[in-house]
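Examination of the molecular architecture
What follows is each chain in one-letter form.
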Amino acid sequence: MNLPMCAGILIVLQTAWRAGKDGVEAGTNLVPDVIPRPIARICVTVVGAAFAFFALKSFLSTALFALAVMGVIYFGFIALNKDDGPKGGGGTGSVDDSLEEARRIMDKYK
């Protein structure tokens, strides 16, 4: 099944639409029969949309908060360790030294 990207997105949206309609219909069946069906359908849709919006807002808020905390910790780490130079094999050589070393390695494997 080799579908273009737009067709895949369209299938996902159609499936989500059908699932939403089925959910609204199931919720409407839980409302007492005294309330007219169109009004019950509208009320269930509004309540479902409000719940979905709240869940999305909560998820995004939590994700953005975690991202902000990670950023603050990262910048704090950088600020506290800015005096430390590279450790291990890294050096503070110039760009010319790095290019010369790269040429030497390339010549070795010719």
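Residues numbered from 1 in each chain as written. Predicted model: local features only at pLDDT ≥ 70, side-chain atom pairs only at ≥ 80, totals over all residues. Heavy atoms only, no water.

**Examining the overall build of the chain**
Along the chain, the regular secondary structure elements total three helices and zero strands. Starting at the N terminus, the α and β elements of the chain follow one another as α-α-α. Looking at the chain as a whole, 5% of its 110 residues are labelled buried. In the structure as shown, the chain presents an accessible area of about 9900 Å², 71% of it carried by carbon and sulfur atoms. (Helix = DSSP H or I, 4+ residues; strand = E, 2+ residues; numbered from the N terminus. Buried < 20%, exposed > 50% of the residue type's maximum accessible area, 1.4 Å probe, protein only. Areas by Shrake-Rupley, 256 points an atom, 1.4 Å probe, with all protein chains shown as cover.)

**Examining the pattern of salt bridges**
Per the counting criterion, the structure on display carries three salt bridges. Between Arg37 and Asp33 there is a salt bridge whose closest N-O contact spans 3.7 Å. The shortest N-O distance in the salt bridge between Arg103 and Glu100 comes to 3.9 Å. Taken together, the positions of Arg103 and Glu100, both in helix α3 (residues 95-108) and three residues apart, correspond to about one turn of that helix. Note on Arg103: relative accessible area 48%, which makes it partly exposed. Judged by its relative accessible area of 43%, Glu100 is partly exposed. (Salt bridge = Lys/Arg side-chain N within 4 Å of Asp/Glu carboxyl O.)

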